[in-house]
Amino acid sequence: MNKTPCRTCCTSSCLVKFCNEKWLDRLSSLKTSPTYPKGQFIFMEGSLVMGAYFVRKGKVKVISSSLDGKEHTVRLAWDGHMIGHTGIGMETYSIGAVTLAESQICFIDSQALFEAFMENPRFTFEVMRFYSRELRKSEIRAKCFALMNNEEKVIFGLIYLSDSFLPHRDDNQVEINLSRQEIAQIVGTNPDQVSRVLSSLKKNRLIYTKERCIYLLDLAKLKEAISHYAFPTHY
């Protein structure tokens, strides 16, 4: 288990960085930092809330199951993101989290987290801002998906994936390595519909596919295709 001290951690966007030096050292000594292989649960719906998780490096999907047992992706998380935070103050998690790639996740137990909140107002404030941003993103996606047709939903989903996992790319081409099923869970449709939309986009030379990899050949044109919606596609 690689337990990198918080002071020297290269994940500069981690919220823990807003703690004072004393608490950076304290949390370093208290945290665990296991590496999870792709496709492994970090925590499951209904499991006991023991603390919160911080993505040091990797890609994670936060999921929720409907009454019929179907899995839906609530949001995506990556380097520096906090997950499991909606369970703070509750007995069990209402959502689960699964790795989309090999990921190193730091875990801080509830007691240490509460003490850190009480003694680090900047840390507490930044966590509140994180809550606010994620809620706003969730509301935007919900509004868009309620209004969009299947093609627009898939395009929005591809852009969301691009903005989420490759936010600082300067070029107009992006590679996405997710299955049709995983994309369907993000946009609220089924794999067959995703495949049909991808075939149409491929015919129009907006994407190129190879096995499960999807290459967005013209991100600007994809964004233009749904630009008539008032809601931002990048946030």
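Scope of this entry: the structure provided in the associated data block. Quantities reported herein were computed from a predicted structural model and do not represent experimental measurements.

**Let's talk about the sheet that holds strand 1 (residues 35–36)**
Phase 1 of the analysis: The strand order 1-8-3-6 describes an open sheet built from four strands, whose pairing is antiparallel. Here the strands that pair on one side only, and so sit at the sheet edges, are strand 1 and strand 6 (82–83).
Phase 2 of the analysis: As paired strands, strand 3 (residues 51–57) and strand 6 are joined by two bridges and run antiparallel to one another. Looking at the pairing, Tyr-53 lines up with Ile-83 of strand 6.

**What to know about the pattern of salt bridges**
Phase 1 of the analysis: For the coordinates displayed, the defined rule picks out nine salt bridges.
Phase 2 of the analysis: Across the pair Arg-7 and Glu-21 runs a salt bridge, and its minimum N-O distance is 3.5 Å. Residue Arg-7 is found in the segment before helix 1 (21–30), and its partner Glu-21 is found in helix 1; the two are separated by 14 residues along the sequence.
Phase 3 of the analysis: Assessed through its relative accessible area of 43%, Arg-7 is described here as partly exposed.
Phase 4 of the analysis: For the salt bridge of Asp-25 with Arg-7, the shortest nitrogen-to-oxygen distance reads 2.6 Å. Taken together, the residues Asp-25 in helix 1 and Arg-7 in the segment before helix 1 connect sequence positions 18 residues apart.
Phase 5 of the analysis: For Asp-25, a relative accessible area of 37% gives the class partly exposed.
Phase 6 of the analysis: Within this structure, Arg-7, Glu-21 and Asp-25 form a network of salt bridges that share partners.

Calculation criteria
Residues numbered from 1 in each chain as written. Predicted model: local features only at pLDDT ≥ 70, side-chain atom pairs only at ≥ 80, totals over all residues. Heavy atoms only, no water. Pairing = 2+ DSSP bridges. Helix = DSSP H or I, 4+ residues; strand = E, 2+ residues; numbered from the N terminus. Salt bridge = Lys/Arg side-chain N within 4 Å of Asp/Glu carboxyl O. Buried < 20%, exposed > 50% of the residue type's maximum accessible area, 1.4 Å probe, protein only.

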